[in-house]
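# An overview of the molecular structure
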Amino acid sequence: MKVIYIENSNFRFNVLLNDDKWTLVNMGNERIYYYKPIIQLKEEKYQKRIGLPLIKINKKKNYLYIYSGSISYAEIFYRIDGDIITISDGVNSMHKSDDIVLNDKLLEMLCFKYTLGNETAIKDIYYLQSGEELILLDGVFSVTEKYYYNNDGIELDDSIETLYDISIELYNGYRGELKNKTIIVPLSGGLDSRLIASMLKTCNYENVICLCYGVRENWESKISKKVANALDYEWIFVEYDETTYIDKMDDTLKFIKNHNYYHTPCIQELPSTRSIYSSLCERDEDFVFLPGHTGDFLSGGHIPTNIRQIDSLNDIKKYILSKHITSYLYYPIEKIENLIYKYIQKIPYYNEPYKLIEYYDWKERQSKFIIKACRAYEFYNCKWITPLWSKPYLDYFSNISLNSKLNKKKYKTFLYDAVFNQYGLSFDKDDKSKTILHDGLYNLTRNKVKKILKKMSIYKYINKKPYYKNACGFDRSFPLLYESYFENRNDVLLSHLKDDLKLYNKTNDINVYESEIIVDMILNS
């Protein structure tokens with residue numbers, strides 16, 4: 001742990017940095033630190049250009065600068081105790097035994113998978129959010145927003161050719177850092193990871209492994225294998241089942257404990273990362289992950305198709321709740337609605353409904369849950385980078401019109417016509433919806449047949465193979481993880497929060513199981 005002290009007439013700063021997380025790249029009066037798990041791009045100018053986190057400290061000038069990145073790649077926290085300000089990359093290093101736990105924030109975590117805004121569940125400990133910079137300059141301490149997703153004022157050619165050029169330049173820019181490394185692309189059946197793999201092929205990267213995971217013979221794995229074969233890349237499949245997380249319970253719970261009192265860690269890729277890590281270590285290979293988070297959001301995939309009928313803050317509030325609520329079990333609905341309404345009232349600089357919706361998604365779900373799937377790579381000491389969150393992509397998609405964003409119109413044109421076609425990967429341009437519909441009808445029919453069979457005495461003899469609704473089996477593995485954790489401890493969680501709880505119908509978001517585990521960990525720590 002690096003401990004750096006900075007003092008001036010107004011404040012004393014204690015900066016606590018984990019040696020495993022930060023690399024010192026410049027000595028002398030001004031020290032510059034890069035986030036170690038992300039592949040290092042050497043030059044500060046390029047580091048800033050693609051929106052990566054950065055720390056600069058000059059003790060001689062009493063200067064401190066911390067940038068979280070355009071998405072929260074690194075976790076930075078700060079607490080203010082009078083004139084003493086402590087900054088750290090983990091809450092536990094500044095958490096005191098007599099700290100007050102904020103029940104309202106725990107309830108937010110249960111409802112949304114994360115606390116809203118910059119507050120953690122520990123009083124006086126705050127989270128440096130995406131796009132924010134923390135500065136100590138001339139004796140003045142401030143936390144401000146440096147970058148806003150989809151803000152106005154960016155002038156950029158929004159042609160498909162420009163997007164293609166951005167992609168080529170970006171992937172070629174990684175070449176020096178990816179040299180002699182095996183590149184792991186977590187390849188699902190979706191478009192974003194297919195783009196990552198295709199661009200690697202276009203830029204002549206050869207040592208690439210396409211990693212797929214889930215229950216055996218799931219529909220995503222079939223598409224994933226088809227893509228890998230077309231690109232002539234090695235394809236590895238890691239099978240998941242209902243015992244995936246409890247088979248390595250110690251690892252699972254150790255990873256979940258990295259919640260830092262504000263979010264539910266995304267455990268989706270933990271088993272697949274462990275498996276590929278073990279395999280490649282045996283092969284003595286140096287490797288880096290390039291996941292596809294998340295073109296679906298950037299390109300407009302989260303904008304409702306009826307957005308032009310959404311013209312009031314009340315409508316926006318209702319839409320955000322319909323998309324982002326994990327469970328209504330814990331909070332009175334009126335209180336949840338009031339929380340979101342106050343939140344969107346504070347969003348700066350946006351006067352179009354779809355931009356308010358995207359701002360919330362970027363600042364909250366993308367930053368506090370989706371991108372946190374990459375913590376699985378860090379857990380096994382692997383490096384990573386998310387090409388689609390690079391600032392050139394952010395600037396491009398911030399510049400295109402709403403019409404180009406609806407149904408991901410421009411993004412899909414780019415993917416199918418400019419990238420996938422050259423490799424024969426536009427096979428689902430017109431029929432992907434049919435494939436999903438087919439699988440949906442198949443599952444619906446199977447469910448009905450299963451109900452009929454359950455009434456028959458022969459059912460117990462033929463029901464040997466578990467049935468999964470989810471391609472990765474989370475509908476069975478998450479509840480089983482929950483049951484294993486809370487074994488012989490009925491209503492432990494509810495007993496802690498009973499004064500604040502008011503029961504409502506649960507939603508189908510399976511992440512609520514993990515969120516309950518985290519809240520129990522916090523209340524019993």
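Details of the structure are given in the entry above.
Report on the accompanying structure. It should be emphasised that the depicted structure is a prediction, and the values quoted were computed from it without experimental measurement.

Conventions used here
Residues numbered from 1 in each chain as written. Predicted model: local features only at pLDDT ≥ 70, side-chain atom pairs only at ≥ 80, totals over all residues. Heavy atoms only, no water. Phe/Tyr/Trp six-rings, centres within 6.5 Å; stacked < 30°, edge-to-face > 60°. Buried < 20%, exposed > 50% of the residue type's maximum accessible area, 1.4 Å probe, protein only. Axes fitted to C-alpha atoms, helices over the stretch in contact; angles between N-to-C directions. Helix = DSSP H or I, 4+ residues; strand = E, 2+ residues; numbered from the N terminus. Left-handed = near helix turned anticlockwise from the far one by under 90°. Contact = heavy atoms within 4.5 Å. Nonpolar A, V, L, I, M, F, W, Y, C, P; charged D, E, K, R; others polar. Parallel < 35°, antiparallel > 145°, perpendicular 65-115°, else oblique. Polar contact = N/O pair within 3.5 Å; in protein donor to acceptor, adjacent residues only side chain to side chain.

## As for the packing of aromatic side chains
Enumeration according to the criterion identifies 37 aromatic pairs in this entry. Ring geometry for F11 and F13: centres 6.0 Å apart, planes at 65 degrees, overall edge-to-face. A relative accessible area of 21% means that F11 is categorised as partly exposed. A relative accessible area of 0% places F13 in the buried class. Here the aromatic rings of W235 and F237 are separated by 5.8 Å at their centres, their planes lie at 20 degrees, and the arrangement is stacked.

## Observations regarding the packing of helix α10 (residues 313–324) against helix α12 (residues 353–370)
One way to put it is that α10 packs onto α12 with a least axis distance of 10 Å and a crossing angle of 35 degrees. You can see that α10 and α12 cross each other, and the crossing is right-handed. Residues L313, I316, Y319, I320 and H324 of α10 touch α12, and the partners they reach there are P353, L356, I357, Y360, D361 and R365. Split by residue class, the contact of α10 with α12 holds eight nonpolar, one polar and two charged.

## Quick look at the packing of helix α19 (residues 474–485) against helix α21 (residues 512–523)
Two elements in contact, α19 and α21, have axes separated by 9 Å at closest approach and are oriented at 25 degrees. Relative to α21, the element α19 is oriented roughly parallel. Handedness of the crossing formed by α19 with α21: left-handed. Along its contact with α19, which presents F478, P479, L481, Y482 and Y485, the element α21 presents Y513, E516, I517, D520 and M521. Residue classes in the contact of α19 with α21 are distributed as eight nonpolar, no polar and two charged.

## A few points about the side chain of K317
Relative to the helices and strands, K317 resides in helix α10. K317 sits in the buried class, given a relative accessible area of 8%. Within polar-contact distance, the side chain of K317 engages the side chain of N314 at 2.7 Å. With near-sequence residues (within four places) excluded, K317 lies in contact with E337, I340, Y341 and I344.

In short, geometric facts, not functional conclusions.
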